[in-house]
Amino acid sequence: MDTLETRELRYFIAVAEELHFGRAAERLGMAQPPLSRAIQQLERRLGVTLLERNRRGVSLTGAGEILLREGRAALDATTAAVRRTRRAGGPGGSHDRLVLAVKAGAFHELLNKLLDAYTAEPGAAAIEVLPSGMCEQEGMLRDGRADVALMHTPFNSLAGFDSVELMTEAQVAVLPARHPLAARKTLSLAEISDVPGLPLARWPRHDTYPPGPGPEVHDQTQLAQLIALGRTMTVFPESARTWLWEEHAAVPLSDAPPVTTHIVWPAHSRSRALAGLIRTASRL
């Protein structure tokens, strides 16, 4: 047995992520008994144990961990195929449109320069700019919501993608303008890691928030408001200065690693429009 149905993968991934058959069944909108039978049948067909079941709950075996990782990638690839096929069959076809995922609110100067240069090229495709959260661009490329993205190391993983480096810049601490630290010429990461009453904001990564006392933020507007109110601070690339309010201050960080912006696309892409955009980006 060398093939799996997407339905089987969805069932297994739900159980593997929830580690609870009842919650997984509720998430899938089905009853628990048929879900349990489906997982048991999958294990018999594969000839391996995917889940350990005992009184304490459910846990993944080594084989289960591999299927979870590979199954997620397989479902993303299937979803991407559907989305890109529909775009190709829509008005004008995908040869005339590219979806570019960018982190909301950052790198305005670079993005405008790229779009202006590409639009001036003969036969340029239309570019739909898709704003995203802090680390969402990777998922958007993998599941087909985007054809290309601007991504930033060390924050984003470029594994499995092709990419071209566009620019490198320093990082700054963005904090309330009235806070005493705002008057400093430079700060270190240690100096901003545990400031009383001013915790670092927490962004979601892969749909989960890292632990810490700072507020959970999901978009730039919310973050800007919380900084202005003196409730949090954050660390951003230097180019973030373009969206700061009067109530904000940006102080250079002396020991933060540089941030490199890349234009990134799926390694298997054969889009002529995308190739043209990459050529334009490489000349910036």
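Fair warning: this is a prediction, and the values are worked out from it, not measured in the lab.

Moving on to the packing of helix α1 (residues 6-18) against helix α2 (residues 21-28). When two helices pack together, their arrangement is given by the angle between their axes and by how far apart the axes lie. Direction vectors running N to C along α1 and α2 enclose 130°, while the axes themselves pass 8 Å from each other. One way to sum up the angle between α1 and α2 is to call them oblique. By crossing handedness, the relation of α1 to α2 is classed as right-handed. Facing Arg10, Tyr11, Ile13, Ala14, Val15, Glu17 and Glu18 of α1, the residues of α2 in contact are Phe21, Arg23, Ala24, Arg27 and Leu28. Looking at side-chain class alone, the contact of α1 with α2 contains seven nonpolar, no polar and five charged residues.

This part covers the sheet that holds strand β8 (residues 234-237). The three strands are arranged β8-β7-β9 in an open sheet whose pairing can be described as antiparallel. Edge positions in the open sheet fall to β8 and β9 (248-252), since each of these has one partner strand only. Adjacent strand axes in the sheet meet at a mean angle of 35°, parallel and antiparallel pairs treated alike. Strand direction decides the pairing type here: strand β7 (residues 171-176) and β9, joined by five bridges, are antiparallel. Bridge assignment links Val174 to a residue of β9, and that residue is Ala250.

Another aspect to go through is unusual backbone geometry. Cis rather than trans, the peptide bond between Thr153 and Pro154 has omega equal to 15°. As for its position among the elements, Pro154 is in the loop between β5 (148-153) and β6 (161-169).

A word on the pairing of strand β10 (residues 259-266). Within a regular strand, side chains alternate between the sheet's two faces. The buried fraction of β10 is high, at eight of eight residues. The pairing of β5 with β10 spans five bridges and is classified as antiparallel. When the sheet's bridge partners are listed, Leu150 is paired in β10 with Ile263. Where β6 lies against β10, eight bridges are found, and the strand directions are antiparallel.

In a beta sheet, neighbouring strands are held together by backbone hydrogen bonds and run either parallel or antiparallel to one another. Taken in spatial order, the five strands line up as β4-β3-β5-β10-β6 in an open sheet, and their pairing is mixed. Of all the strands in the sheet, just β4 (126-132) and β6 have a single pairing partner and so form its edges. Adjacent strand axes in the sheet meet at a mean angle of 25°, parallel and antiparallel pairs treated alike. Note that strand β3 (residues 97-103) and β5 share two bridges and pair parallel. Across the sheet, residue Leu100 finds its bridge partner in β5, namely Val148. Relative to the sheet, helix α9 (residues 272-282) contacts β3, β4, β5, β6 and β10, its axis offset from that of β10 by approximately 160°.

In the UniProt entry, the feature "domain: HTH lysR-type" (unreviewed entry) is given for residues 4-61. Secondary structure over residues 4-61 splits into 62% helix and 14% strand, and the C-alpha atoms at its two ends are 19 Å apart.

A few words on a nonpolar patch on the surface. Together, Leu4, Leu46 and Val48 make up a nonpolar patch on the protein surface, roughly 180 Å² of accessible area in all. Here Leu46 is to be found in helix α3 (residues 32-46).

With that out of the way, let us pick up α2. Along α2, the residues classified as buried are Phe21, Ala24 and Ala25. Taken end-on, α2 shows its buried residues confined to a sector of 100°, consistent with a single buried face. Buried residues along α2 sit against α1, α3, β1 (51-54) and β2 (57-60).

Reading the values: rules and limits
- Residues numbered from 1 in each chain as written.
- Predicted model: local features only at pLDDT ≥ 70, side-chain atom pairs only at ≥ 80, totals over all residues.
- Heavy atoms only, no water.
- Axes fitted to C-alpha atoms, helices over the stretch in contact; angles between N-to-C directions.
- Helix = DSSP H or I, 4+ residues; strand = E, 2+ residues; numbered from the N terminus.
- Parallel < 35°, antiparallel > 145°, perpendicular 65-115°, else oblique.
- Left-handed = near helix turned anticlockwise from the far one by under 90°.
- Contact = heavy atoms within 4.5 Å.
- Nonpolar A, V, L, I, M, F, W, Y, C, P; charged D, E, K, R; others polar.
- Pairing = 2+ DSSP bridges.
- Buried < 20%, exposed > 50% of the residue type's maximum accessible area, 1.4 Å probe, protein only.
- UniProt positions renumbered as here; feature names shortened; annotations may be inferred.
- Patch = residues over 30% accessible without salt bridge, like charges linked within 9 Å, V, L, I, M, F, W, Y side chains within 5 Å.
- Areas by Shrake-Rupley, 256 points an atom, 1.4 Å probe, with all protein chains shown as cover.
- Salt bridge = Lys/Arg side-chain N within 4 Å of Asp/Glu carboxyl O.
- Arc of directions from axis to C-beta.

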